[in-house]
Amino acid sequence: MYQILSKAKLADKIFEMVVRAPRVAHKCLPGQFIIAKIDETGERIPLTICDYDREEGTITIVFQTVGASTERMSFLEAGEAFEDFIGPLGRPSVLCLEENLDKTREKKIVFICGGVGTAPIYPQVKWLKEQGVVADVVQGAKTKDLVILEEEMRALVGDHLYVTTDDGSYGFHGLVTAKVEELVEKEGK
């Protein structure tokens, strides 16, 4: 059994859980995922690894309720457990596989994310920072209430985080593509 150590609601229908899974935490890299199963009758749910702590043996997952299984998962609380928590699965981010980090440091890296899609970007940005590589992150949402992991991302990239909202309720008013165009224009000058 894989105990849920903490649970938080990040936005409407978006949740974060920290799960004790030492074997997964010890071996995972950014870009990989797990498959969680609540109990013997539960569906297998693939979820990106949002963060990990090798020393604590924990994995952080972020998910959005979109169907019966994730809805059921959203009712689990700290202290409860998953029956199965299999991973790490999948290929790590190509950035983590780069053998020559000096080449990576020379690149201009921009991540574009939004909503629950911020979760798979976070561990890549964190890993890059640990390697001394600063990346720009353009994070979008429909409204301010749907922006997730902003504080965590800002702690990694500082002023290199650009938050956009479609309705202008927070940050840059417009789509992420408009902000990226603005950044490209500034870079060219």
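Please refer to the structure placed before this passage.
Residues numbered from 1 in each chain as written. Predicted model: local features only at pLDDT ≥ 70, side-chain atom pairs only at ≥ 80, totals over all residues. Heavy atoms only, no water.

Visitor: Whenever I open this one, the state of the cysteines confuses me. Can you help?
Guide: Such a bond, covalent and formed between the sulfur atoms of two cysteines, is termed a disulfide. Throughout the structure, instances matching the rule amount to zero disulfides. Just so you know, C96 is unpaired, no disulfide at all, and the nearest cysteine sulfur is the one on C28, 10 Å from it. By relative accessible area, C96 is classed as buried at 12%. (Disulfide = S-S within 2.5 Å. Buried < 20%, exposed > 50% of the residue type's maximum accessible area, 1.4 Å probe, protein only.)

Visitor: What exactly am I supposed to notice about the sheet that holds strand β10 (residues 161-165) here?
Guide: Paired through backbone hydrogen bonds, the strands of a sheet run either parallel or antiparallel to each other. The four strands are arranged β8-β9-β10-β11 in an open sheet whose pairing can be described as parallel. Taken across any chain shown, the strands that pair with only one partner, and hence form the sheet edges, are β8 (110-114) and β11 (172-173). Bridging between β10 and β11 involves two bridges; their strand directions are parallel. Bridge pairing in β11 links T165 to H173. Packing of helix α5 (residues 121-130) onto the sheet brings it into contact with β8 and β9 (136-141), and relative to β8 it is tilted by some 150°. In the packing of helix α6 (residues 150-157) onto the sheet, the strands contacted are β9 and β10, and the crossing angle to β10 comes to about 150°. (Pairing = 2+ DSSP bridges. Helix = DSSP H or I, 4+ residues; strand = E, 2+ residues; numbered from the N terminus. Contact = heavy atoms within 4.5 Å. Axes fitted to C-alpha atoms, helices over the stretch in contact; angles between N-to-C directions.)

Visitor: Looking at this model, I keep getting lost on the packing of α5 against α6. Mind explaining?
Guide: Packed helices, taken two at a time, are described by the angle between their axes plus the distance between the axes. Across the interface, α5 lies against α6 with an axial gap of 9 Å and an inter-helix angle of 20°. With respect to α6, the element α5 is oriented roughly parallel. Of the two possible hands of crossing, α5 and α6 adopt the one that is left-handed. Residues I121, Y122, V125, K126 and K129 of α5 form the contact with α6, whose own contacting residues are E152, M153, A155, L156 and V157. Its residues placed into classes, the contact of α5 with α6 shows seven nonpolar, no polar and three charged. (Parallel < 35°, antiparallel > 145°, perpendicular 65-115°, else oblique. Left-handed = near helix turned anticlockwise from the far one by under 90°. Nonpolar A, V, L, I, M, F, W, Y, C, P; charged D, E, K, R; others polar.)

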